[in-house]
Amino acid sequence: RTLSEEMLPLIFSDRRGLFDDDQVAGKVSIHRTLPPSPATMREFIGREAMLQTLWEWLVFEDRPRFYLHGPGGSGKSTLAYEFSRQVSDQGHRIRLSKDHALDYVIFISAKETELNVYSAKEQPFYLRRFDDSISQFRAILVDAGALSASDARNMQGPELERQLSDLFDSFSGLIVIDDIDALSRAGKDTGEETLMLRAVQGARRTKILYTLRHPPSSAIASSLKVPGLERLEEFPRFISLFADQLELPRPSLDITKKID
């Protein structure tokens, strides 16, 4: 049975000490670097089954990487962000395989443009963190707290890879990499193989979650398609909540069908 979104972090975390959460969190807080949410909606809607799949991958499976794929606007980035938020909120309670504690959660994006929903125009994505594999590795090391931004700027490929190995040997973390195919569309190395090899060889546990538009041909079994909102429950809830957020009346049935 699919768990509710609110119950997922509880079910997949260490449930000891539930009644002294503030005390536990204060003693064992984790490092996290999350940008502002990419969602236009203030409230996350549905996707419980996909969130459950991501939690199971993180906590129980040995696969170091996983992919969320789907067309633009399907909600990949929002889903990946919500998952990283849930994980970072419960990080002090999470145990990965072989009882490794989670030390950090980071979210970086290669997204080039975004839709401004108020002007209905495309605009540059100002939170883009990297545009090639080298700048991606630098962003990971800086956001994970392994290097200062100034130190990272002075490092190139081999030295950055050694720093990644040191990070993966010393700490366990969740790395979310949004819109990775922005690099492949530009004919650039995505860094996926380097990260996977370093993660597998690391003494600690590193999990890497990617979002991209098309199914990853080399990792179909480690991917999940993100469709549009489910029509019977999720889409009507979206319409209702969005109308409330914009302080507008609920649209008529004809307009709702047009939005759909």
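What counts and how
- Residues numbered from 1 in each chain as written.
- Predicted model: local features only at pLDDT ≥ 70, side-chain atom pairs only at ≥ 80, totals over all residues.
- Heavy atoms only, no water.
- Helix = DSSP H or I, 4+ residues; strand = E, 2+ residues; numbered from the N terminus.
- Buried < 20%, exposed > 50% of the residue type's maximum accessible area, 1.4 Å probe, protein only.
- Contact = heavy atoms within 4.5 Å.
- Areas by Shrake-Rupley, 256 points an atom, 1.4 Å probe, with all protein chains shown as cover.
- Pairing = 2+ DSSP bridges.
- Core = buried A, V, L, I, M, F, W, Y, C linked by side-chain atoms within 4.5 Å.
- Patch = residues over 30% accessible without salt bridge, like charges linked within 9 Å, V, L, I, M, F, W, Y side chains within 5 Å.
- Salt bridge = Lys/Arg side-chain N within 4 Å of Asp/Glu carboxyl O.

1. Brief notes about the overall build of the protein chain
Part 1: On a plain count of helices and strands, the protein chain comes out with 11 helices and 8 strands.
Part 2: Buried positions account for 44% of the 260 residues belonging to the protein chain.
Part 3: The contacts of the protein chain with a sequence gap of at least 6 include a subset with a gap of at least 24, amounting to 76%.
Part 4: Summed over its atoms, the accessible surface of the protein chain is roughly 13,800 Å², and 52% of this surface lies on carbon and sulfur atoms.

2. Considering the environment of Leu174
Part 1: Secondary-structure assignment places Leu174 in strand β6 (residues 173-178).
Part 2: Judged by relative accessible area, Leu174 falls into the buried class, the value being 0%.
Part 3: When the C-alpha positions of Leu174 and Ser84 are compared, they lie 7.8 Å apart, and in sequence the two are 90 residues distant.
Part 4: In this structure Leu174 touches Trp57, Leu58, Phe83, Ser84, Val87, Leu102, Tyr104, Val105, Ile106 and Lys207, once residues within four positions along its chain are discounted.

3. Focus: the pairing of strand β3 (residues 104-109)
Part 1: Across the 6 residues that make up β3, a large majority, 6, are buried.
Part 2: Neither face of β3 is exposed, since Tyr104, Ile106 and Ile108 on one face and Val105, Phe107 and Ser109 on the opposite face are all buried.
Part 3: Pairing geometry for strand β1 (residues 31-33) and β3, over 3 bridges, is parallel. Residue pairing for β3: His31 is matched across the bridge by Tyr104.
Part 4: Examined bridge by bridge, β3 and β6 share 6 bridges and lie parallel to one another. Bridge pairing links Ser109 to Asp178 in β6.

4. Regarding the nonpolar core
Part 1: By size, the foremost hydrophobic cluster in this structure holds 29 residues, and its most contacted members are Ile140, Phe168, Ile175, Ile177 and Leu195.
Part 2: Elements with a minimum of two residues in this core: β3, α5 (133-143), α7 (157-170), β6, α8 (181-185), α9 (192-201) and β7 (206-212).
Part 3: Discounting residues that sit within four places of it in the chain, Ile177 has contacts with Ile108, Phe130, Gln136, Ile140, Leu195, Ile208, Leu209, Tyr210 and Thr211.
Part 4: Within the second largest apolar cluster, 24 residues are counted, among which are Ile30, Trp57, Val105 and Val176.

5. Digging into a nonpolar patch on the surface
Part 1: Where nonpolar side chains cluster on the molecular surface, the patch consists of Leu115, Val117, Tyr118, Leu246 and Leu248 and spans about 520 Å² of accessible area.
Part 2: Relative to the helices and strands, Leu246 is located in the loop between α10 (234-245) and α11 (253-259).

6. Topic: unusual backbone geometry
Part 1: Phi at Ala120 is positive, roughly 60°, even though this residue is not glycine.
Part 2: On the secondary structure map, Ala120 appears in the loop between β4 (113-116) and β5 (121-124).
Part 3: Ala120 sits in the exposed class, given a relative accessible area of 62%.
Part 4: Even without being a glycine, Asp179 presents a positive backbone phi close to 60°.

7. Quick look at the pattern of salt bridges
Part 1: Throughout the structure, instances matching the rule amount to 15 salt bridges.
Part 2: Between Arg65 and Glu193 there is a salt bridge; the shortest N-O distance is 3.3 Å. Within this pair, whereas Arg65 is found in strand β2 (residues 65-69), its partner Glu193 is found in helix α9, the two being separated by 128 residues in sequence.
Part 3: With relative accessibility at 9%, the residue Arg65 sits in the buried group.
Part 4: Linking Lys111 and Asp178 is a salt bridge whose minimum nitrogen-to-oxygen distance equals 3.7 Å.

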